[in-house]
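# A closer look at the structure
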Amino acid sequence: MKLVSCVTGEEIQTGHILRVQTGATAGHAWKFEKIAQRADGVHHVHVTRHGGKVGRIHREFHPSIFGCEIKVEVTWLQSVSHAAYQTWSKIDEYLLAGLFALVPLAFFEHYHWSEYIVAIFGS
């Protein structure tokens, strides 16, 4: 993942100063720290600024208020390996389910052979 300026198309590095372009706080400067993914899956920009006696103020904003966007790079190799991993995990689950399905069948067969076993040991 990388933060990219919508105006220039260049990648913005960690530590770069971002200025708010929209909203009531337009013009405020924030230091870019990292890209954070929230629980709902949306990526936000984690920024800080000097807060006087309080120290540094940490906030997370949507990148659009800084005139930026987040690019997520997924290579074809990552995509293929993820698909192969998912496929193998499903095959593994189905094999395990099949094994558990054979256990009741084994008890069923054992019950039907019980007369033969009793006849052998009972005589």
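Okay, so let's go over this structure. (Residues numbered from 1 in each chain as written. Predicted model: local features only at pLDDT ≥ 70, side-chain atom pairs only at ≥ 80, totals over all residues. Heavy atoms only, no water.)

## A word on the side chain of His43
Rules: Each helix corresponds to a stretch of at least 4 residues labelled H or I by DSSP, and each strand to a stretch of at least 2 residues labelled E; elements are numbered beginning at the N terminus. Should any heavy atoms of two residues lie within 4.5 Å, those residues are considered in contact.
Position of His43 among the secondary structure elements: in strand β5 (residues 43-50). Non-local contacts of His43, meaning those with residues more than four positions away in its chain, are made with Met1, Ile35, Ala36, Gln37, His62, Pro63, Ile70 and Val72.

## Here's the deal with the packing of aromatic side chains
Here a ring pair, both rings aromatic, is described through the centre-centre distance and the interplanar angle of the planes. As a reminder of what qualifies: Pairing of aromatic side chains here covers Phe, Tyr and the six-membered ring of Trp, requires ring centres within 6.5 Å, and sorts the geometry by plane angle: under 30 degrees stacked, over 60 edge-to-face, intermediate tilted. The classification of residues rests on relative accessible area computed with a 1.4 Å probe and restricted to protein chains. Under 20% of the type maximum is buried, over 50% is exposed, and intermediate values are partly exposed.
Applying the stated criterion to the full structure yields two aromatic pairs. Their ring planes at 70° and their centres at 5.3 Å tell us that Trp30 and Phe61 sit as a pair that is edge-to-face. Of this pair, Trp30 sits in strand β4 (residues 29-37) while Phe61 sits in strand β6 (residues 56-61), and the two are 31 residues apart along the sequence. Of the residues examined, Trp30 reaches a relative accessible area of 8% and is grouped as buried.

## A look at the sheet that holds β5
For clarity, the cut-off: Should DSSP find at least two bridges between two strands, the strands are taken to pair. Interaxial angle, 0 to 180 degrees, is taken between N-to-C directions of lines fitted to C-alpha atoms, where a helix line uses only the stretch in contact.
Strand order in the open sheet formed by four strands is β3-β4-β5-β6, with antiparallel pairing between adjacent strands. One side of each edge strand has no neighbouring strand; the edge strands of this open sheet are β3 (17-19) and β6. Adjacent strand axes in the sheet meet at a mean angle of 45°, parallel and antiparallel pairs treated alike. Pairing of β5 with β6, which is carried by six bridges, proceeds in the antiparallel orientation. The residue bridging Val47 from the neighbouring strand is Arg59, located in β6.

## Things to note about the pairing of β5
Looking along a regular strand, one sees side chains alternate from face to face of the sheet. Most of β5 is tucked away, with six of its eight residues classed as buried. As consecutive antiparallel partners, β4 and β5 are separated by five residues, and within that stretch Gly41 has a phi angle of approximately 95°, a positive value. Hairpin geometry of β5 and β6 is characterised by an intervening segment of five residues between the two adjacent antiparallel strands and by a positive phi of about 75° at Gly52.

## Observations concerning the sheet that holds strand β1 (residues 2-5)
Strand order in the open sheet made by the three strands is β2-β1-β7, with antiparallel pairing throughout. This sheet does not close on itself; its edge strands, each paired only once, are β2 (11-12) and β7 (68-71).

## Side note on the environment of Pro63
Tracing the backbone through its elements, the reader meets Pro63 in the loop between β6 and β7. Overall, the relative accessible area of 5% leaves Pro63 in the buried class. If we skip the residues at most four places from it in the chain, Pro63 touches Leu3, His43, His44, Val45, Cys68, Glu69 and Ile70.

## A short note on a nonpolar patch on the surface
The line we're drawing: Exposure above 30% relative accessible area and the lack of any salt bridge qualify a residue for a patch; like charges then connect within 9 Å, and the nonpolar side chains Val, Leu, Ile, Met, Phe, Trp and Tyr within 5 Å. Where accessible areas are quoted, they stem from the Shrake-Rupley method and a 1.4 Å probe; at the residue level, only the protein chains shown are allowed to cover. Basic side-chain nitrogens of Lys or Arg form a salt bridge, by our definition, when they fall within 4 Å of a carboxyl oxygen of Asp or Glu.
Taken together, the side chains of Leu96, Leu99, Phe100, Leu102, Val103, Leu105, Phe107 and Phe108 make up a nonpolar region of the molecular surface, amounting to roughly 840 Å² of accessible area. Within the secondary structure, Leu102 is located in helix α1 (residues 76-122).

## Structural notes on the pattern of salt bridges
For the structure shown, the criterion picks out four salt bridges. Its salt-bridge partner being Glu69, residue Lys71 comes within 3.5 Å of it at the nearest N-O pair. A salt bridge links Lys90 to Glu93; the nearest nitrogen and oxygen atoms lie 3.7 Å apart. Here the residue Lys90 and the residue Glu93 both occupy positions in helix α1, the gap between them amounting to three residues, near one helical turn. Glu93 gets classed as partly exposed once you look at its relative accessible area, which sits at 46%.

Geometry only, nothing functional implied.
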